[in-house]
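Examining the three-dimensional arrangement
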Amino acid sequence: MALWGMVIDLDKCTACQACLIACKSENNVPFVGKQQADRGRIISWLEIISETEGEYPEVRTRFIPRPCLHCDNPPCVKVCPVYATYRNPEGIVAQIWERCIGCRFCMAACPYAAKYFNWHQYRIPESMEKGFNPDVYVRRWGVVEKCTFCSHRLLRARDRAAAEKREMRADEYVPACVEVCPSKAMYFGDLNDPDSVVSVLGRSPRAFHLLEDLGTEPKVTYLMEGERHALL
Amino acid sequence: MHSSRHRLNFEEHRILFDPIQNPRRGISIFMGILLAITAWGGFCYILQWRYGLGASGLNQPVLWGFYITNFVFFIGISHAGTLISAILRMAKAEWRRPITRMAEVITVAVLYIGAANIIFDLGRPERAFFLFLYGRYQSPLLWDASSITAYLTASSVFLYLPLIPDIAILRDRFADRKWLHRFYQVFSFGWDGSPRQQKVLNIGITIMSVVVIPIAVSVHTVISYIFSMTLQPMWHSTIFGPYFVCGAIFSGIAALIVMMVVLRKIYHLEPYLKPIHFNYLGILLLVMSLLWFYFTFSEYLTGFFGHEPTEMRVFWSKVTGTYAPYFWTMVFFNFVVPVLILSFRRMRTIGGVLVASISVLAGMWLERFTIIVPTLANPRLPFPSGIYFPTWIEWGLMLGSFSFFVFLYLLFSRFFPIISIWEIEEGREVGLEEVEERIRSYLPETAGTFNSREKERST
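What you see is a predicted model; the values in this text were computed from it and never measured. (Residues numbered from 1 in each chain as written. Chains lettered and ligands numbered in written order. Predicted model: local features only at pLDDT ≥ 70, side-chain atom pairs only at ≥ 80, totals over all residues.)

**Some thoughts on the overall build of chain B**
Assigned secondary structure in chain B consists of 17 helices and 0 strands. For 459 residues, the compact-globule estimate of 2.2 N^0.38 gives 23 Å, and chain B sits close to it at 25 Å. Principal-axis analysis of the C-alpha atoms places the extent of chain B at approximately 85 × 60 × 45 Å. The proportion of buried residues among the 459 residues of chain B is 46%. Contacts in chain B between residues at least 24 apart in sequence constitute 82% of all its contacts with a sequence separation of at least 6. (Helix = DSSP H or I, 4+ residues; strand = E, 2+ residues; numbered from the N terminus. Rg over C-alpha atoms; globule rule 2.2 N^0.38 Å. Buried ≥ 20, exposed ≤ 12 C-beta atoms within 10 Å, placed from the backbone. Contact = placed C-beta atoms within 7 Å.)

Below is the structure:
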């Protein structure tokens, strides 16, 4: 069975936020509006974390795109009282929207702040209705939601393969953010296959994980910015 | 006539029947006001139900605020009761007699309100029963649900058992009032005060005292686990279990003292609640204050000395940053005020103990708040770090919670004596002798008894 994972090369990432937008429209993520956004209620399954280091003139800002990291040892799953979030056999940390009671314990437990809450019943603006993705369930008020690695695309790819009576190939399943990345900084694939691109890149000396020391074992690996700086 | 219960002099305990027999108008009006504030809280909740939890000031990353603070605070207060009364019973502290009932009522009333506050905090309250349908024992939240349910059951029984003989007294007293009489008749469970019944009752109370103590300790321990089982800075601490239990007993005693002073005043209970009771409770409060300070000091010094960057962000936000006013007010209210007042015998008057208790209640509420919010506001990853201002809806629900607590308390005192009549009588009839006997057993035998025994042996 496959174990899905992602690699993000920070040297290639330009922080253009195309992944963020692709994610929003692919997954019917609601726009909360300016007023709610100012109150800290943006929902954005994939977020570009920025960190500025140093003082002028030695300033450096780093950008890290952060989807849900789909930890192999997920702190959010441990604390859910009703089994609304779980790690499925293929490594995807999934959320059952209709089971969630909205206690937000998983959000408090997630060290990456990758989970979002529906503070209101949000509506998709009328002008956006044509862009609505019928493959993705629309979350209602009062539940926690998060990145699913576009698992609906996995289901679709598997269905297609089944209809054509063949095995699904790993490259048939790609999340929206990876597909859209203009600088090809994001890679996706099967971590159980030692020759897959994510496995190969994961062995790079530049590979690291976010907050590695917490032992959450994320399946999103980052490649450190370095090649360019090494030349300096 | 089976026993002294029926020969009880009603007139002597007239004060205790008064709130039931001749309810005072002022108190009824006050209860009406409390109910109106509670209704206002209910209205706020309806609004929140309609607009979603977004009606509160909660956000990301501060996703828990007033509701969880109140939940931890109220459940903490519930330790007043049952735990104090069970420990005092087990320790055979004779001065407990007029206090136990008041303490036990606090527990039962406040547990409902604590549980309600966790419902206020749910995004989908109508799914709360999923906890029972799909409950998953790996989650500390389910440990909580189990523990609080057990505590509610045990403390209700613990309140009810010693109430039975008093309900029987009321049944006899109000023989002429049709409905009231029937009500008491049902709940007195056919009590006639026979020696056998009394023996069974005493065994029951003793068993419950033993059972209730570990349950009470478990309740606040697992509440602390909600926080300490996560990896978040300044939550992930092994000391949290005992620290929370200590804080719970601390705030519980304070709440008990405040309720005692209030009821003493409005129901004229001066003959029952004497300065000595407040003096003793004041000493208990002082001990808990010192213990609380010891825990707090250990907790913050450990964090500071280790100097882990994420811990330190939360630490400084409490000590010098955004949450410093709350933090230092907490230290002042929980440690400085009670220790200054309660260390001196001359200051441990009813007024002094009351001031210390009110200060502790405010301080402990702030303690819960400063444990929950600053950690959430300073997450590990750089994030537009959170600010949290409760909305008027949250204030409304908080006021409603407090009012409903006092309302439930007064409602209880409207139908049942707030001081255990039979236990006071028992103190007079049995307690006095028992204590004398006990003290004698502590001491070496006197020359007189020794000689007489020698004489017995030689003959």
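Still more ground to cover, so stick around.
**Quick word on the overall build of chain A**
Scanning chain A from terminus to terminus reveals 8 helices and 10 strands. Computed over the C-alpha atoms, the radius of gyration of chain A is 18 Å, within 12% of the 17 Å expected from 2.2 N^0.38 for a compact globule of 232 residues. A principal-axis box enclosing the C-alpha atoms of chain A has dimensions of 50 × 50 × 40 Å. Contacts in chain A between residues far apart in sequence, at least 24 positions, make up 61% of those at least 6 positions apart.

**Section: the nonpolar core**
Counting 183 residues, the largest nonpolar core has A:Met186, B:Met102, B:Ile106, B:Ile253 and B:Leu256 as its most contacted members. Contact partners of A:Met186, with chain neighbours within four places excluded, come to A:Met6, A:Ile8, A:Cys19, A:Cys177, A:Val178 and A:Cys181. (Core = buried A, V, L, I, M, F, W, Y, C linked by C-beta atoms within 7 Å.)

**Describing unusual backbone geometry**
Residue A:Pro57 is bonded to the preceding A:Tyr56 through a cis peptide linkage, with omega at 5°. Structurally, A:Pro57 is set in the loop between strand E2 (47–53) and strand E3 (60–66). The step from B:Gln60 to B:Pro61 runs through a cis peptide bond, and the omega angle for that step is 10°. One non-glycine residue, A:Lys184, adopts positive backbone phi at about 50°. Turning to its location among the elements, A:Lys184 is positioned in the loop between helix H6 (176–180) and strand E8 (186–190).

**Side note on the sheet that holds strand E10 (residues 220–223) of chain A**
All names here are of chain A. Read across the open sheet, the 4 strands follow the order E8-E1-E10-E9; overall the sheet is mixed. The open sheet terminates on both sides in strands that have one partner only, identified here as E8 and strand E9 (207–208). Alignment of strand E1 (residues 4–9) against E8, held across 5 bridges, turns out to be antiparallel. Looking across to E8, one finds that tryptophan 4 is bridged to aspartate 190. (Pairing = 2+ DSSP bridges.)

**A look at the interface of chain B and chain A**
Taken together, the contact between chain B and chain A spans 36 residues of the former and 35 residues of the latter. Of all the elements in the fold, those that place two or more residues in the side of chain B that touches chain A are helix H5 (130–133) and helix H6 (140–160) of chain B. Sorting elements by how many residues they give to the side of chain B that touches chain A places H6(B) first, with 3 residues. In terms of residue class, the side of chain B that touches chain A is built from 21 nonpolar, 11 polar and 4 charged. (Nonpolar A, V, L, I, M, F, W, Y, C, P; charged D, E, K, R; others polar.)

**Some details on the environment of B:Ser155**
Residue and element names in this part refer to chain B. Note that serine 155 resides in helix H6. Sequence separation between serine 155 and threonine 82 is 73 residues; the distance between their C-alpha atoms is 6.2 Å. Those residues within four positions of serine 155 in sequence are excluded, and the remaining contacts are Gly81, Thr82, Glu104, Thr107, Val108, Leu111 and Val212.

**Points about helix H5 (residues 151–163) of chain A**
Between its first and last C-alpha, H5(A) extends 18 Å over 13 residues, near the 18 Å set by a 1.5 Å rise per residue. Two residues or fewer after H5(A) comes A:Lys165, characterised by a positive phi angle close to 55°. (Expected span 1.5 Å × (residues − 1).)

**Some points on the environment of A:Gly202**
All names here are of chain A. Structurally, glycine 202 is set in helix H7 (residues 197–202). Sequence separation between glycine 202 and leucine 223 is 21 residues, and the spatial gap between their C-alpha atoms is 8.1 Å. Those residues in contact with glycine 202 that lie beyond four places of it in its chain are Val7, Ala207 and Thr221.

**Points about the confidence of the model for chain B**
All names here are of chain B. Of all residues in chain B, 94% have pLDDT values of 70 or greater, and the mean over the chain is 89. Counting interchain partners and residues more than four positions distant, the pLDDT-below-50 stretch residues 1–6 has 15 contacts. Across the assembled chains, the prediction reports ipTM 0.90 with pTM 0.92. (pLDDT = per-residue confidence, 0-100.)

**With respect to the pairing of E2(A)**
Residues and elements named next belong to chain A. The sheet contact formed by E2 and E3 spans 7 bridges and is antiparallel. Note that in E3 the partner of isoleucine 49 across the bridge is isoleucine 64. The loop that links E2 with its antiparallel partner E3 comprises 6 residues; one of these, glycine 54, has a positive phi angle of about 80°.

**Describing the packing of helix H4 (residues 100–120) of chain B against H6(B)**
Residue and element names in this part refer to chain B. Contact geometry of H4 with H6 gives a least axis separation of 9 Å together with a crossing angle of 150°. Put simply, H4 runs roughly antiparallel to H6. For H4 against H6, the interelement crossing comes out left-handed. For the pair H4 and H6, the contacting residues are Glu104, Val105, Thr107, Val108, Leu111 and Ala115 in the first and Ile148, Tyr151, Leu152, Ser155, Ser156, Phe158 and Leu159 in the second. Grouping the amino acids of the contact of H4 with H6 by side-chain chemistry returns 9 nonpolar, 3 polar and 1 charged. (Axes fitted to C-alpha atoms, helices over the stretch in contact; angles between N-to-C directions. Parallel < 35°, antiparallel > 145°, perpendicular 65-115°, else oblique. Left-handed = near helix turned anticlockwise from the far one by under 90°.)

**Some points on the packing of helix H7 (residues 164–173) of chain B against helix H8 (residues 178–187) of chain B**
Residues and elements named next belong to chain B. Where H7 contacts H8, the two axes come as close as 8 Å, and the packing angle between them is 150°. Considering their axes alone, H7 and H8 lie roughly antiparallel with respect to each other. Crossing of H7 over H8 shows left-handed handedness. Across from Ile167, Leu170 and Arg171 in H7, the residues of H8 making contact are His181, Tyr184, Gln185 and Phe187. Partitioning the contact of H7 with H8 into residue classes produces 4 nonpolar, 2 polar and 1 charged.

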